Amino acid sequence: MSLEEVYDVTIVGGGPTGLYTAFYAGMRDLGTKIIEYHPHLGGKLHVYLEKVIWDIGGLPPTTGERVVENLVEQGTTFDPTVVLGERVTRIERKAGVFEVRCRSGAVHLSRTVILALGYGVLNPKKLTIDGAEKFEVTNLYYTVGSLSRFRGKRVLISGGGNAAIDWANTLEPVAEQVTISHRREEFTGHERSILDLRASSVRTMTPYSIKELHAEGDEISSVSLENAATGEVEKIEVDAVIVNHGFDSDVGFIEENDFRRKGEYCIVVDEHMRTDIPGIFAAGDLVYYDGKLHLISGCFVEGATAVNSAKLYLEPEAEESAYVSSHNERFSEKNRRLELQGAIGGR
Ligand SMILES: Cc1cc2nc3c(=O)[nH]c(=O)nc-3n(C[C@H](O)[C@H](O)[C@H](O)COP(=O)(O)OP(=O)(O)OC[C@H]3O[C@@H](n4cnc5c(N)ncnc54)[C@H](O)[C@@H]3O)c2cc1C
């Protein structure tokens, strides 16, 4: 990848929005680059890879993990340049070209930019206990990932919101014993999930916080929990600890550039997904407009709209949108190849 090359469109963020946007940008013949902070594509779906998603149009109930695989396959159809592990920290326009600056010092050049940052870079809130980080390679988890790794284990989940309760309910039939501790008296998840939790074999400890981790070798073997009301400390034996204390979200450079904001995380766009800065468009969870829906399905339309706006910005005489894929010549050769491989769904 040459950093001197000027791309037609640079998409910041490789979540569902960024990936579908890259696909549609390919349909519009735009030289495309995706820049993603994490070392993987898929965005927030990595928070719920094991969950089943029901509300993407035309897709039967599918795990988050499979949706990521499908999105990545579709998003790379037209071979966009994909840059992983790079955090965009600033965008400046110089002589009609945007300089997309990264924390590493790299500068990517682009004629237009589509922001697909979601709520920015999300990182799980970590346990603030000295030395806790060394267990992240053994049995301290901030995301659940595969359920099978908890099979037959004694699991402590720390947290009182939806994610923590949800994982407690999901792991109950898988693990040997699940304990959930929360620093407040009451859980704050959905009523139905809390009822399920109360009716299950999950042991609830409130108001308790993790005070100390005890190790045998490289692994946590027991945890001391302190009761916030009485100060009493209880030590429980564990095979795994899952911490669900929420996420720190950082929209970073959005704050420095001159975007109109809505709330802490969103920027305002018009119906063409244009921001207030000509040549910079946005889509997905990051954007706000009247009637905005925070659904993956909505991200797709917004991504395509942003691409069409970028295309017209670059080529005012271009068609307003791409020709539908079922009748688009661009796919003829690809269809022939897939046909030969027997890889077209529904045939
Ligand atoms: C627990 C949970 C369950 C959900 N379930 C559903 C569901 O069932 N159905 C549904 O439709 N929706 C669901 N959603 C919502 C859905 O996940 C979001 O609407 C969707 O992920 C938004 O996609 P996005 O690409 O806009 O943002 P994201 O998925 O957040 O992706 C944004 C990407 O941009 C990257 N990024 C941010 N800042 C930078 C930067 N400065 N430089 C480089 N990269 C950057 C981030 O690392 C991230 O990968 C759920 C959300 C959560 C949290």
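Given the structure is predicted, the values throughout are model-derived calculations rather than measurements. (Residues numbered from 1 in each chain as written. Predicted model: local features only at pLDDT ≥ 70, side-chain atom pairs only at ≥ 80, totals over all residues. Heavy atoms only, no water.)

This part covers unusual backbone geometry. With an omega dihedral of -10 degrees, the bond running from Thr-206 to Pro-207 counts as a cis peptide bond. Among the secondary structure elements, Pro-207 is positioned in the loop between strand E13 (203-205) and strand E14 (208-216). Phi angles above zero are rare outside glycine, and Ala-95 is one such case at about 50 degrees. (Helix = DSSP H or I, 4+ residues; strand = E, 2+ residues; numbered from the N terminus.)

This next bit is on the sheet that holds strand E17 (residues 240-243). Sheet architecture is open: five strands sit in the order E10-E17-E11-E12-E13, paired in parallel fashion. Of all the strands in the sheet, the pair left with one neighbour each is strand E10 (140-141) and E13. Strand direction decides the pairing type here: strand E11 (residues 154-158) and strand E12 (residues 177-181), joined by five bridges, are parallel. Bridge pairing links Ser-158 to Ser-181 in E12. (Pairing = 2+ DSSP bridges.)

With that out of the way, let us pick up the layout of surface pockets. Size it by volume and the second largest pocket reaches roughly 1200 Å³. Forming the walls of the second largest pocket are 30 residues, and the residues nearest its centre are Phe-23, Glu-73, Gln-74, Thr-77 and Leu-338. For the lining of the second largest pocket, the elements supplying multiple residues, two or more each, are helix H1 (16-27), helix H2 (64-75) and helix H6 (332-341). (1 Å grid on protein atoms, 1.4 Å probe; cavity = no way out; pocket = protein on both sides within 12 Å on 5 of 7 lines; lining within 4 Å. Points joined across faces, edges and corners; volume = space filled by probe spheres on them.)

Time to look at the packing of aromatic side chains. One pass over the full model with this rule turns up eight aromatic pairs. When the centroid spacing of 5.7 Å and the interplanar angle of 50 degrees are considered together, the rings of Tyr-20 and Phe-23 count as tilted. Taken together, the positions of Tyr-20 and Phe-23, both in helix H1 and three residues apart, correspond to about one turn of that helix. The class of Tyr-20 is buried, set by a relative accessible area of 17%. Of the residues examined, Phe-23 reaches a relative accessible area of 8% and is grouped as buried. (Phe/Tyr/Trp six-rings, centres within 6.5 Å; stacked < 30°, edge-to-face > 60°. Buried < 20%, exposed > 50% of the residue type's maximum accessible area, 1.4 Å probe, protein only.)

Bringing the site of the ligand into the picture now. Around the ligand, a shell composed of 29 residues is seen, among which Thr-17, Glu-36, Tyr-48, Asp-55 and Ile-296 lie nearest. In this structure, an oxygen atom belonging to the ligand sits 2.5 Å away from a side-chain N or O atom of Tyr-48. Isolated, the ligand exposes 1000 Å² of accessible area, and the fraction of that covered by the protein chains is 84%. Elements supplying a minimum of two residues to the shell around the ligand: H1, strand E2 (32-36) and helix H5 (296-314). Among the residues forming the shell around the ligand, the class breakdown is 14 nonpolar, nine polar and six charged. (Near = heavy atom within 4 Å. Polar contact = N/O pair within 3.5 Å; in protein donor to acceptor, adjacent residues only side chain to side chain. Areas by Shrake-Rupley, 256 points an atom, 1.4 Å probe, with all protein chains shown as cover. Nonpolar A, V, L, I, M, F, W, Y, C, P; charged D, E, K, R; others polar.)

Closest axis-to-axis distance for the helix H3 (residues 162-171)/helix H4 (residues 191-199) pair is 10 Å, and the angle between their directions is 45 degrees. Judged on the interaxial angle alone, H4 and H3 are oblique. For H3 against H4, the interelement crossing comes out left-handed. On H4, the residues touching Ile-165, Ala-168 and Asn-169 of H3 are Ser-193, Ile-194, Asp-196 and Leu-197. Its residues assigned to classes, the contact of H3 with H4 shows four nonpolar, two polar and one charged. (Axes fitted to C-alpha atoms, helices over the stretch in contact; angles between N-to-C directions. Parallel < 35°, antiparallel > 145°, perpendicular 65-115°, else oblique. Left-handed = near helix turned anticlockwise from the far one by under 90°. Contact = heavy atoms within 4.5 Å.)

This model, assessed by the stated rule, comprises 23 salt bridges. A salt bridge links Arg-330 to Asp-29; the shortest N-O distance between them is 3.3 Å. Here Arg-330 is found in the loop between H5 and H6, whereas its partner Asp-29 is found in the loop between H1 and E2, with 301 residues between them in sequence. Note on Arg-330: relative accessible area 30%, which makes it partly exposed. We classify Asp-29 as exposed; its relative accessible area is 55%. Put simply, Glu-237 and Arg-154 hold a salt bridge, and the shortest N to O gap is 3.6 Å. Of this pair, Glu-237 sits in strand E16 (residues 233-237) while Arg-154 sits in strand E11, placing them 83 residues apart in sequence. (Salt bridge = Lys/Arg side-chain N within 4 Å of Asp/Glu carboxyl O.)

This brings us to the side chain of Lys-292. The residue Lys-292 is located in the loop between strand E22 (287-288) and H5 in this model. At 3.0 Å, the side chain of Lys-292 forms a polar contact with the backbone oxygen of Gly-284. Residues contacting Lys-292, with those up to four places away along its chain left out, are Gly-284, Asp-285, Val-287 and Glu-302.

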